[in-house]
Amino acid sequence: MPQPDTDRPIIVARNIDKRFGAFHALRNVSASFSEGQVTAIVGPSGSGKSTFLRTLNRLEKHDSGSIVIDGIELNDDLKHLDTIRREVGMVFQSFNLFSHLTILRNITLAPMRVRKMSRVDAEAKAQALLDRVGLKNQAHKYPVQLSGGQQQRVAIARALAMDPKVLLFDEPTSALDPEMVNEVLTVMRELAHTGITMLVVTHEMGFAKEVADRVIFFDEGAILEDTTPQAFFTNPDHERAQAFLAQVRHGF
Amino acid sequence: MNWISRHPGWTMVAAMLGLLAFLWGLAIPLSAAPAPIGPAAEQFAEGARITVWLTLIAGSAGIVLGVLGGMGKLSKFLPLKWLCDFYVWLIRGTPLLLQILFVWLVVPTILPESIQLSDFACAAIALSLNIGAYNTECVRAGILAVPHGQVEAARALGLSPLQTFMDVILPQSMRVALPALANNLASLVKDSSLAYAISVVELTMVGYRIQAESYQPIPVFLTIATIYLILTTAFTTLTSALEAQLQTGQKR
């Protein structure tokens with residue numbers, strides 16, 4: 001397993017708090033992530049792991065604390081936000097491909113609009129990315145014509161087309177039929193070896209164990225464990241983590 | 001109907017050409033008809049052309065007003081939202097005939113002397129404002145029907161709010177709004193007849209005059225009704241073809 005090249009932190013989150021009305025979603029969460037690191041974020045439903053991920057590109061606004069991404073503070077400044085969103089890609093649980101556009105247009109839209117890339121260059125890049133995720137011949141289909149696993153691989157290609165430094169995955173395999181989970185995990189596994197920083201909220205313990213450099217366990221809005229996969233899966237410190245592992249293992 | 005959905009492009013072209021040929025050539029078959037229709041053939045054709053012009057102008061302006069109004073009603077900028085709410089409330093709450101008379105009688109007194117509005121222009125303005133208000137609600141419904149995940153995906157890719165609206169939300173909302181917009185357009189073809197009240201010589205006015213001269217209302221009104229039916233058929237064929245075109249990526 002490759003170790004992160006440097007220890008330069010690309011994401012630094014300090015004392016993040018977030019409430020949805022009376023619900024306290026994140027409690028004083030602090031974590032920093034090094035360039036090239038692959039982190040699996042696990043925990044029970046409603047523990048705040050997705051919310052945390054979504055605060056990192058401001059799909060959710062944090063109430064207090066600070067988030068600095070690649071040296072830029074994430075706040076109400078729209079210029080900062082635009083810069084950060086260009087560097088941080090996201091893959092969603094329900095794919096969220098643009099349903100009215102072909103696969104090719106899904107991938108070329110942001111590079112052409114945001115990076116002002118020419119159509120020819122953007123399409124060449126999109127084709128190369130589709131090839132990389134194993135969907136070479138699907139460019140002119142529409143999202144509904146693809147299976148869930150194929151759609152999620154397109155979503156990964158779409159995020160990669162912006163050359164992000166960080167890729168956030170919000171439960172990328174949770175909406176998939178079991179036989180399609182592997183094709184997506186294979187693509188993610190290959191990505192993990194390319195040196196891109198990945199934060200993966202997941203219920204795939206196998207993936208967390210094999211691919212991640214680091215595992216973070218969320219419970220009730222706080223980080224309870226932050227350690228290596230080996231330590232987490234063999235000997236977690238907290239009882240809640242032990243109970244969680246016993247629960248998910250039950251399914252295997 | 002099946003043919004339309006399979007060849008939406010050709011259907012649109014055919015409907016447009018059919019409409020143009022009908023408007024140009026209408027006088028020729030009509031002039032062969034016995035009195036009172038034959039001698040007045042050119043008047044019928046001219047009336048039909050005015051009706052179609054009113055429909056096309058008010059229909060196009062109404063789409064623009066509808067999109068602006070629909071966006072405005074969903075705006076977070078409250079004065080804009082209130083303005084759009086007021087517009088829809090006012091137009092939907094008063095009769096179209098009153099609106100036409102208002103534009104004809106009141107607006108010229110407000111405008112400076114140098115600007116003269118023709119009767120036709122007054123009718124076009126009133127009809128545009130009227131259909132625009134109804135379109136506003138259709139567009140708003142369309143925008144609300146776009147899944148939030150689409151917006152999140154666009155924003156996460158770094159698209160600006162305006163780019164997100166133009167590239168993702170608007171095209172998808174039109175797919176939902178179009179059947180209702182087509183309904184409004186079909187109403188507009190017939191509502192344009194109210195322009196007779198301000199002495200615009202459109203189709204209904206032509207019929208009224210000719211039956212008054214000839215004392216033969218039955219053949220005259222049958223002719224008028226037939227022409228309206230042909231016009232509405234052309235317009236609805238056009239909009240269902242457009243609908244089929246926009247359904248791409250939606251069918252399974």
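This write-up is about the structure you can find in this document. (Residues numbered from 1 in each chain as written. Chains lettered and ligands numbered in written order. Predicted model: local features only at pLDDT ≥ 70, side-chain atom pairs only at ≥ 80, totals over all residues. Heavy atoms only, no water.)

## Here we look at the pairing of strand 7 (residues 166–170) of chain A
Residues and elements named next belong to chain A.
Then comes step 1: Counting buried positions along strand 7 yields 5 of 5 residues, so the element is predominantly enclosed.
Then comes step 2: Burial along strand 7 is two-sided: the face carrying Val166, Leu168 and Asp170 and the face carrying Leu167 and Phe169 are both buried.
Then comes step 3: Direction of pairing for strand 6 (residues 88–91) relative to strand 7: parallel, over a ladder of 4 bridges. Looking at the pairing, Val91 lines up with Phe169 of strand 7.
Then comes step 4: Sheet topology places strand 7 next to strand 8 (residues 197–201); 5 bridges connect them, and they run parallel. Of the residues in strand 8, the one forming a bridge with Asp170 is Val201.
Then comes step 5: For the crossover from strand 7 across helix 6 (residues 178–192) to strand 8, the handedness is right-handed. (Buried < 20%, exposed > 50% of the residue type's maximum accessible area, 1.4 Å probe, protein only. Helix = DSSP H or I, 4+ residues; strand = E, 2+ residues; numbered from the N terminus. Pairing = 2+ DSSP bridges. Right-handed = clockwise from strand over helix to strand, strands pointing away.)

## Observations regarding the interface of chain A and chain B
Then comes step 1: Contact with chain A, which involves 22 residues of that partner, is made by 21 residues of chain B.
Then comes step 2: Carbon and sulfur atoms make up 55% of the area that chain A and chain B hide from each other, which totals about 2000 Å².
Then comes step 3: Where chain A touches chain B, the interface holds 2 salt bridges.
Then comes step 4: The salt bridge partner of Arg113 of chain A is Asp167 of chain B, with a shortest N-O separation of 2.6 Å.
Then comes step 5: At the surface where chain A touches chain B, the tally comes to 8 residue pairs in polar contact (both at pLDDT 80 or more).
Then comes step 6: Elements represented by at least two residues in the side of chain A that touches chain B include exactly strand 6, helix 3 (103–113) and helix 5 (148–160) of chain A. (Contact = heavy atoms within 4.5 Å. Buried area = accessible area lost by both parts, 1.4 Å probe. Salt bridge = Lys/Arg side-chain N within 4 Å of Asp/Glu carboxyl O. Polar contact = N/O pair within 3.5 Å; in protein donor to acceptor, adjacent residues only side chain to side chain.)

## A few points about unusual backbone geometry
Residue and element names in this part refer to chain A.
Then comes step 1: In this structure, Phe95 takes a positive phi of about 65 degrees despite not being glycine.
Then comes step 2: In this fold, Phe95 is placed in the loop between strand 6 and helix 3.
Then comes step 3: Even without glycine at this site, Glu171 takes up a positive phi of about 45 degrees.
Then comes step 4: By secondary structure assignment, the location of Glu171 is in the loop between strand 7 and helix 6.
Then comes step 5: Take Glu171: its relative accessible area is 12%, and that puts it in the buried class.

## Things to note about the layout of surface pockets
Residues and elements named next belong to chain B.
Then comes step 1: Of the volumes computed, that of the largest pocket is approximately 800 Å³.
Then comes step 2: Along its surface, the largest pocket is lined by 20 residues, and Leu74, Lys76, His148, Val151 and Ile169 are the ones closest to its centre.
Then comes step 3: Of the residues forming the lining of the largest pocket, the biggest block, 5 residues, is contributed by helix 10 (residues 161–191).
Then comes step 4: For the lining of the largest pocket, the class distribution of residues is 12 nonpolar, 4 polar and 4 charged.
Then comes step 5: By volume, the second largest pocket amounts to about 400 Å³. (1 Å grid on protein atoms, 1.4 Å probe; cavity = no way out; pocket = protein on both sides within 12 Å on 5 of 7 lines; lining within 4 Å. Points joined across faces, edges and corners; volume = space filled by probe spheres on them. Nonpolar A, V, L, I, M, F, W, Y, C, P; charged D, E, K, R; others polar.)

Note that all results are geometric; they support no functional claim without further evidence.
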